[in-house]
Amino acid sequence: TGKAIIATFVSSYWPLVVTSLVLLLTPGVTGRCDLHPPQTAWLRFRFYFIELVLVVCFVVGAFRVSDPWGWTGWLNTWALFAYVTHVAWHRLLPTPYGAVVTYLTIVPCWLLHKAMAEGSLGMPANAGSSRPEGAAQIRSCSPTRCNSFA
């Protein structure tokens, strides 16, 4: 399918994709182009085309990476926690300490995930996993077909 072809191309040749997008950047333009679009159609095209390419790559799964050490489950939990609480830490604590506390919360998230994986919290062993039991771990795609291996 087209989705698999795009994902395989971008995963395999990402330096070419990134270089092409960098060539389309507009160094003289500052500010939020989504709120205050540039005056010319060419500059607007360059901005929106870069965004379009990145969104298509994201949607087709071209940015999907393998997780050989199983980090994405607990890092996903920490990233959500950090996203929800970082402004509160920033407002409660002086400037450098809010960010320090946000980053230090990675340790309890990892410890909690480790305890859940060992089953020492009385929960099932896969309770902290982002991948359901029996889901494919490795996905191999070629331009003509995709295979999943357990």
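Residues numbered from 1 in each chain as written. Predicted model: local features only at pLDDT ≥ 70, side-chain atom pairs only at ≥ 80, totals over all residues. Heavy atoms only, no water.

Okay, the overall build of the protein chain next. Within the protein chain one finds 6 helices and 2 strands. From first element to last, N terminus to C terminus, the protein chain shows the α and β order α-α-α-α-α-α-β-β. Intrachain contacts of the protein chain at a sequence separation of at least 6 include 44% that bridge at least 24 residues. By element, 68% of the accessible surface of the protein chain is carried by carbon and sulfur atoms, the whole surface being about 11,400 Å². (Helix = DSSP H or I, 4+ residues; strand = E, 2+ residues; numbered from the N terminus. Contact = heavy atoms within 4.5 Å. Areas by Shrake-Rupley, 256 points an atom, 1.4 Å probe, with all protein chains shown as cover.)

Next up on the list: the packing of helix α4 (residues 72–92) against helix α5 (residues 95–104). Look at α4 against α5: their axes get within 9 Å of each other, and the N-to-C directions meet at 160 degrees. The angle between the axes of α4 and α5 places the two elements in the roughly antiparallel class. Where α4 crosses over α5, the two elements pack in a sense that is right-handed. Contact residues: W78, A82, H86, W89 and H90 in α4; G98, V101, T102 and Y103 in α5. Taken together, the residues that form the contact of α4 with α5 break down as 5 nonpolar, 4 polar and no charged. (Axes fitted to C-alpha atoms, helices over the stretch in contact; angles between N-to-C directions. Parallel < 35°, antiparallel > 145°, perpendicular 65-115°, else oblique. Left-handed = near helix turned anticlockwise from the far one by under 90°. Nonpolar A, V, L, I, M, F, W, Y, C, P; charged D, E, K, R; others polar.)

What follows deals with the packing of aromatic side chains. Evaluation of the coordinates by the stated rule reveals 5 aromatic pairs. Relative to Y13, the ring of F9 has its centre 5.3 Å away and its plane inclined at 45 degrees; by these criteria the two rings are tilted. Here F9 falls in the partly exposed class, since its relative accessible area comes to 42%. Aromatic side chains F47 and Y48 sit 5.1 Å apart centroid to centroid with 70 degrees between the ring planes, which places their arrangement in the edge-to-face category. A residue is classified by how much of its surface remains accessible, and Y48, at 37% relative accessible area, is partly exposed. A network of ring pairs unites the aromatic residues W42, F45 and F49 as a single cluster. (Phe/Tyr/Trp six-rings, centres within 6.5 Å; stacked < 30°, edge-to-face > 60°. Buried < 20%, exposed > 50% of the residue type's maximum accessible area, 1.4 Å probe, protein only.)

So, on to the pattern of salt bridges. Enumeration according to the criterion identifies 1 salt bridge in this entry. Measuring nitrogen to oxygen at the nearest pair gives 2.8 Å for the salt bridge that ties D34 to R32. (Salt bridge = Lys/Arg side-chain N within 4 Å of Asp/Glu carboxyl O.)

Generally speaking, nonpolar side chains in soluble globular proteins are found buried as a group. The biggest cluster of nonpolar side chains holds 10 residues, and these are A7, V10, V17, L21, L24, I50, V53, C57, V60 and A62. Not counting residues up to four positions away in its chain, the partners in contact with A7 are V60, G61 and A62. (Core = buried A, V, L, I, M, F, W, Y, C linked by side-chain atoms within 4.5 Å.)

The subject of this paragraph is helix α6 (residues 106–118). With 13 residues, α6 extends 18 Å from end C-alpha to end C-alpha; this agrees with the ideal 18 Å at 1.5 Å per step. Taken as a whole, α6 has its buried residues at C109, H113, A115 and M116. Angular distribution of buried residues about the axis of α6 spans 165 degrees; they occupy a single face of the element. For α6, the elements touching its buried residues are α4. (Expected span 1.5 Å × (residues − 1). Arc of directions from axis to C-beta.)

Attention shifts here to the confidence of the model for the protein chain. For the protein chain, per-residue confidence averages 81 on the pLDDT scale, and 81% of positions sit at 70 or higher. Looking over the protein chain, one finds the lowest element-wise mean pLDDT in strand β1 (residues 138–141), namely 47, and the highest in α5, namely 94. Under a pLDDT of 50 for its full length, residues 134–140 has, in the predicted model, 17 contacts with residues more than four places off or in other chains. (pLDDT = per-residue confidence, 0-100.)

A separate point is the environment of F47. Here F47 shows up in helix α3 (residues 41–59). The class of F47 is partly exposed, set by a relative accessible area of 27%. Once residues lying within four places of it in the same chain are set aside, the contact partners of F47 are C33 and D34.

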